[in-house]
Amino acid sequence: MDLVLLPIVLLAAFLNGYGIWNDQYANSYYTTAVGSMLSNFHNFFYASLDSAGSVTVDKPPVVFWIQTAFAYVFGLHGWSVILPQVLAGIGSVLLIYFMVKPTYGLAAARISALVLATVPVVAAVSRTNNIDSMLVFTLLLGSWFLFKGSKQGSTWRILVAFGLIGVAFNMKMLQAYMILPAFYLFYLLAFQAKWRRKIILLIGSTAVLAVVSLSWAVTVDSIPEDERPYIGSSETNSVMELAFGYNGLARLTGQQNTAGNAGMPNGMGQGDNRGNRGDSSSGPNQTGSGVPGVGQDVNAPDNDNMNGSNGNFPNRQMPNDMEMPNGRDFGGGMGGMFGTGEKGPLRLFQTELSGQSSWLLPVVLLGCIAIFAGLRRRNITNKHKEALFWLTWLLPVAAFFSVAGFFHQYYLIMLAPPIAALTGAGFVAMWKSYRDRNGWQAWLLPVSVLLTTLFGWYIMQVYNDTIGAGWSISELIAGILVTVILIVMLHRTHQWKQGFIIAGFIVMLIGPIYWAFTPITYGGNSMIPAAGPTGSNGMFGGAGMGMPMSNGAGDTEMPTMGGRGGMGNRNEEVDTATLNYLKEHNTGETYLFATTDYNQAAPYIIDERAAVITLGGFSGSDPVYTTDELEQLVKSGQVKYFMVGGMGGRGGNSDISDWIKEHGTEIPTSEWNTGTDSGSMDNGDTESEAGLGFGFGFGFGFGGQTTLYEVKL
């Protein structure tokens, strides 16, 4: 047993798991689905968002199946649905260690494990119930089987490897396929067999990949629409369309569907261009007036229901007289708005993204030069083949995020495994060249220390006002000092020489380790996790965005948006008066109430295990129900109470809202509500909330109020 590995694993466990018990709802969109999935197999199989099994979440179900199993065992809590991701993060650290060690040695394996544990975005994502930590673990597990199978010529291991990519597809769809170029290249280079067998197995492995990937999607799409939930956030009520459109090509182009865009400012919301379920050609359900919907969920789990040609606010003016901070024109569409910088080859080095996973890219670059310096066509070793695998994982993913039209900072966790592996392998290669005084290659190590610490200073100095200038300046000075010492000692023999090499590596990790701790020290965002000292205070989970808010009077301050669902959630708690009223007046209806806003349903489903219907999915705009279907629900005695947000809910289906208002009787607020606005954010500071005017982190809550209707037919 490697005793050095133990503290690395404990560090990963601390970064991923400390304080998760304080996150009551985590990402409430997904936690609500888990609560619904616990109720019956129908909801479990489809990953239904609501108790009625009427609409799914916008991702495949595998991760939610795992979370539901944990919730079944430990009870439904924020920490119980986060725990699988904590374990996945730890598992990824162990996998990278065991993948690097056989080829590159013990030192490289330790370095790779430590780097992966401290990649800031890994720590930020693994302490939430978002999908990506489990996705990366599954991809690494598949890669481990690929390495083993290729070295041993094992057919079944190769089939399992490709099958696991198919499982990963059923976690986050096409994002799992980003590493397929690496899989195919490594298989062709490394699998030990004659070419005929190699090609036949490759075809069979691809078939396994396709069958596993599409098994759930094809099964669901083959079931009649009236016998299954609506596929949340899809255009055509199809899982296949969701996979290759909304969760596929649209990520690159940035052209998302308009399901949740109604009322977004400056052209961001174009209304719901989809018709009611079963009639995709019917007219729009939204006025598209440009008036923000009450509590509109811009802080979505993926914020995928928000897009448009321009993410800027008119005249830099935000809701309730707030102004954009100077120098923060969120140009470039949604990429700019959500802190992902401007498209281009250096996007990963821009302030908006660099703090998430880019810290050690200079080491990766120079380390790869050291690894491939001795490459000859007839002398391709396992070190070269595995380095090519990691590079073929890293480069296409980096290229995608450099040009993608719409993604979030936490997606950059996909870069973490190849960065960790290549840092370990590359640093050891540079170390050996430096030790052996191997010509020009000996200079790679000190240069890598200098460039990496300069880059770390560049990332940190933006936040000097928040964290103090000491951190960035200390790393810079230490990096320069160690570099000078390494250069001076290059052609000398000294007992401390190896110690200074280790010191150089430690100096390079100052920034990443500090950033990896920020979700704990500064607070996290369960909806859009990101690392950095703006942490929970960033408007969009904006670590890396550095977004102080101006109040229009010249004062700049950071908003403190607390939340039981982690920073960024707009979660109500159960209103006791509401719960008592609905229970006392229930006359045998199956469902306690129906709502146009899943956030209103969330605490009742999660905390009370109440049966609640969400009428429009995540955005409120999915055409889940027609008015005829709603009428049938009421007539059959399944539901009679409806909660409708002010101004038609969160940009929801106006036909549904109009029908409820036309056929329902409004219940006076004093009879069923404690008197607080249910669209408020729970941060214990109503003055701050009123000043910001955000119903959901960035939900543009313009004072709309939830109304309860009783519908009897």
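For the structure, see preceding data.
Scope of this entry: the structure provided in the associated data block. Nothing here was measured: the structure is a model prediction, and the numbers come from that model. (Residues numbered from 1 in each chain as written. Predicted model: local features only at pLDDT ≥ 70, side-chain atom pairs only at ≥ 80, totals over all residues. Heavy atoms only, no water.)

**Structural notes on the overall build of the protein**
Next up, step 1: When helices and strands are tallied, the protein shows 28 helices and seven strands.
Next up, step 2: Counting across all 713 residues of the protein, residues that qualify as buried make up 62%.
Next up, step 3: The long-range fraction of contacts in the protein, counting pairs at least 24 apart against all pairs at least 6 apart in sequence, stands at 74%.
Next up, step 4: Summed over all atoms, the accessible surface of the protein reaches about 25000 Å², with 60% contributed by carbon and sulfur. (Helix = DSSP H or I, 4+ residues; strand = E, 2+ residues; numbered from the N terminus. Buried < 20%, exposed > 50% of the residue type's maximum accessible area, 1.4 Å probe, protein only. Contact = heavy atoms within 4.5 Å. Areas by Shrake-Rupley, 256 points an atom, 1.4 Å probe, with all protein chains shown as cover.)

**Notes on the environment of Leu174**
Next up, step 1: Following the sequence through the fold, Leu174 ends up in the loop between α9 (155-172) and α10 (180-190).
Next up, step 2: Placed 73 residues apart in sequence, Leu174 and Asn247 show a C-alpha to C-alpha distance of 6.9 Å.

**A look at α9**
Next up, step 1: End to end, α9 covers 27 Å across 18 residues, agreeing with the expected 26 Å (1.5 Å per residue, within 8%).
Next up, step 2: Looking at α9, one finds that the buried residues are Ile158, Ala161, Phe162, Gly163, Leu164, Ile165, Gly166, Ala168, Phe169, Asn170, Met171 and Lys172. (Expected span 1.5 Å × (residues − 1).)

**So, the packing of aromatic side chains**
Any two aromatic rings considered together are summarised by their centre-to-centre distance and by the angle between their planes.
Next up, step 1: Counted under the stated rule, the structure contains 45 aromatic pairs.
Next up, step 2: Ring geometry for Tyr30 versus Phe64: centroids 4.8 Å apart, planes at 45°, classification tilted. Separated by 34 residues along the polypeptide, Tyr30 in helix α2 (residues 28-37) and Phe64 in helix α4 (residues 62-74) bring together distant segments of the chain.
Next up, step 3: Classification of Tyr30 as buried rests on a relative accessible area of 1%. (Phe/Tyr/Trp six-rings, centres within 6.5 Å; stacked < 30°, edge-to-face > 60°.)

**Topic: the pattern of salt bridges**
Next up, step 1: Applying the stated rule across the entire model yields eight salt bridges.
Next up, step 2: Its salt-bridge partner being Lys59, residue Asp58 comes within 3.5 Å of it at the nearest N-O pair. A single burial state applies to Asp58 and to Lys59, both of which are buried.
Next up, step 3: Where Asp436 meets Arg435, a salt bridge forms, and the shortest distance between an N and an O atom there is 3.2 Å.
Next up, step 4: Through salt bridges with shared partners, a single ionic network connects Lys640, Glu710 and Lys712. (Salt bridge = Lys/Arg side-chain N within 4 Å of Asp/Glu carboxyl O.)

**Some words on the nonpolar core**
Next up, step 1: Counting residues in hydrophobic clusters, the biggest one holds 161 residues, and the most contacted among them are Trp390, Trp393, Met414, Phe427 and Ile660.
Next up, step 2: Non-local contacts of Phe427, meaning those with residues more than four positions away in its chain, are made with Ile111, Val363, Leu422, Leu445, Ile501, Phe505 and Met508.
Next up, step 3: Among the nonpolar cores identified, the runner-up in size contains 16 residues, and Leu579, Tyr581, Leu582 and Tyr604 belong to it. (Core = buried A, V, L, I, M, F, W, Y, C linked by side-chain atoms within 4.5 Å.)

**Topic: the sheet that holds strand β3 (residues 593-595)**
Next up, step 1: Taken in spatial order, the five strands of this open sheet run β4-β3-β5-β7-β6, and their pairing is mixed. The sheet terminates laterally at β4 (612-614) and β6 (664-667), the two strands that pair on one side only. Direction aside, neighbouring strands of the sheet carry axes that sit 30° apart on average.
Next up, step 2: Where strand β5 (residues 641-644) meets strand β7 (residues 707-711), four bridges bridge the pair, whose relative direction is antiparallel. Bridged to Met643 within β7 is Leu708.
Next up, step 3: This element, helix α23 (residues 576-584), spans β3, β5, β6 and β7 of the sheet and lies at about 150° to β5.
Next up, step 4: Set on the sheet, helix α26 (residues 654-663) makes contact with β5, β6 and β7; between it and β7 the angle comes to about 65°. (Pairing = 2+ DSSP bridges. Axes fitted to C-alpha atoms, helices over the stretch in contact; angles between N-to-C directions.)

**With respect to the side chain of Ser36**
Next up, step 1: As for its position among the elements, Ser36 is in helix α2.
Next up, step 2: Among the polar contacts listed, one links the side chain of Ser36 to the backbone oxygen of Leu49, at a separation of 2.9 Å.
Next up, step 3: The residues contacting Ser36, other than those within four sequence positions of it, are Asn43, Ser48, Leu49, Asp50, Ser51 and Ile605. (Polar contact = N/O pair within 3.5 Å; in protein donor to acceptor, adjacent residues only side chain to side chain.)

**Structural notes on a nonpolar patch on the surface**
Next up, step 1: Taken together, the side chains of Trp443, Val447, Leu451, Leu454 and Ile487 define a hydrophobic patch exposed on the protein surface, amounting to about 380 Å² of accessible area.
Next up, step 2: Among the elements that take part in the nonpolar patch, helix α18 (residues 444-461) stands out by supplying three residues, more than any other.
Next up, step 3: The residue Val447 is located in helix α18 in this model. (Patch = residues over 30% accessible without salt bridge, like charges linked within 9 Å, V, L, I, M, F, W, Y side chains within 5 Å.)

**Thoughts on the packing of α9 against helix α11 (residues 195-222)**
Next up, step 1: Running from amino to carboxyl end, α9 crosses α11 at an angle of 30°, the nearest separation of the two axes being 8 Å. Comparing the axis directions of α9 and α11 gives the class roughly parallel. Of the two elements, α9 crosses α11, and the hand of that crossing is right-handed. Packed against α9, whose contacting residues are Thr155, Ile158, Leu159, Phe162, Gly163, Ile165, Gly166, Val167, Phe169 and Asn170, the element α11 presents Arg197, Leu201, Leu202, Gly204, Ser205, Val208, Leu209, Val212, Ser213, Leu214, Ser215 and Trp216 at the interface.
Next up, step 2: Among the residues making up the contact of α9 with α11, the classes are represented as 13 nonpolar, eight polar and one charged. (Parallel < 35°, antiparallel > 145°, perpendicular 65-115°, else oblique. Left-handed = near helix turned anticlockwise from the far one by under 90°. Nonpolar A, V, L, I, M, F, W, Y, C, P; charged D, E, K, R; others polar.)

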